[in-house]
Amino acid sequence: MVVETKVYQKNQTTIPTVYCKKYNVEPEDIVEWQENEDGKLYVTFRKKVTISEMIGAGKKSKNTNAVKLEEELYNND
């Protein structure tokens, strides 16, 4: 399927509705443009990750005991 869009001033264009629905594209999402060696252009979409979403992303649900970890590390002969 070929869908055409017009490029406006400042190289702006509109993402066709069919693709917005298919790929759940919403405001603030990121559009990534990638060209391969043969000159083919690939367009992908990804969600924008905010700082608040990143905070705590690496947290573990299990508490750790640093003293116990150190003892296990050095007492394993």
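Up top is the structure.
Because the structure is predicted, anything quoted here is derived from the model rather than measured. Here the residue numbering is sequential within each chain, running from 1 through the sequence in written order. In keeping with the model being predicted, local features are shown solely for residues with a pLDDT of at least 70 and side-chain atom pairs are shown and tallied solely at 80 or more, while totals for entire chains, interfaces and linings include all residues. Side-chain calculation: all heavy atoms of the structure are included, whereas hydrogens and water are not.

A. Molecular detail of the pairing of strand β2 (residues 41–46). By the bridge criterion, 6 bridges tie strand β1 (residues 30–35) to β2 in an arrangement that is antiparallel. Residue pairing for β2: Glu32 is matched across the bridge by Thr44. The hairpin formed by β1 and β2 contains 5 residues between the paired strands, and Gly39 there has a positive phi angle of roughly 85 degrees. Paired strands are those between which DSSP finds at least two bridges. In this text, helices come from DSSP runs of H or I with a minimum length of four residues, and strands from runs of E with a minimum of two, each type numbered from the N-terminal end.

B. Highlighting the packing of aromatic side chains. Stacked, edge-to-face and tilted labels apply to pairs of Phe, Tyr and Trp rings (six-membered ring for Trp) whose centres lie within 6.5 Å, assigned for plane angles under 30 degrees, over 60, and everything in between, in that order. Overall, the coordinates contain 2 aromatic pairs when judged by the stated rule. Ring centres of Tyr19 and Tyr23 lie 6.5 Å apart, and the angle between their planes is 25 degrees; on these two criteria the pair is classed as stacked. Judged by relative accessible area, Tyr19 falls into the partly exposed class, the value being 22%. Burial here depends on accessible area, computed with a 1.4 Å probe over protein chains only, as a share of the maximum for the residue type. Under 20% is buried, over 50% is exposed, and the range in between is partly exposed. Given the relative accessible area of 45%, Tyr23 is considered partly exposed. Here the aromatic cluster, defined as three or more aromatic residues joined through ring pairs, consists of Tyr19, Tyr23 and Phe45.

C. Region of the structure containing the environment of Asp29. When you line up the elements, Asp29 lands in the loop between α1 (17–22) and β1. Along the chain, Asp29 and Val49 lie 20 residues apart, while their C-alpha atoms are 8.9 Å from each other. Think of a polar contact as two N or O atoms within 3.5 Å of one another; within protein, one of them needs to be a possible hydrogen donor and the other a possible acceptor, and neighboring residues in sequence only count if both atoms come from side chains. A polar contact of 2.7 Å, which involves the side chain of Asp29, links it to the backbone nitrogen of Glu26.

D. Layout of the environment of Tyr23. Looking at the secondary structure, you find Tyr23 in the loop between α1 and β1. Each C-alpha atom, one on Tyr23 and one on Thr44, is 9.0 Å from the other, the two residues being 21 residues apart in sequence.

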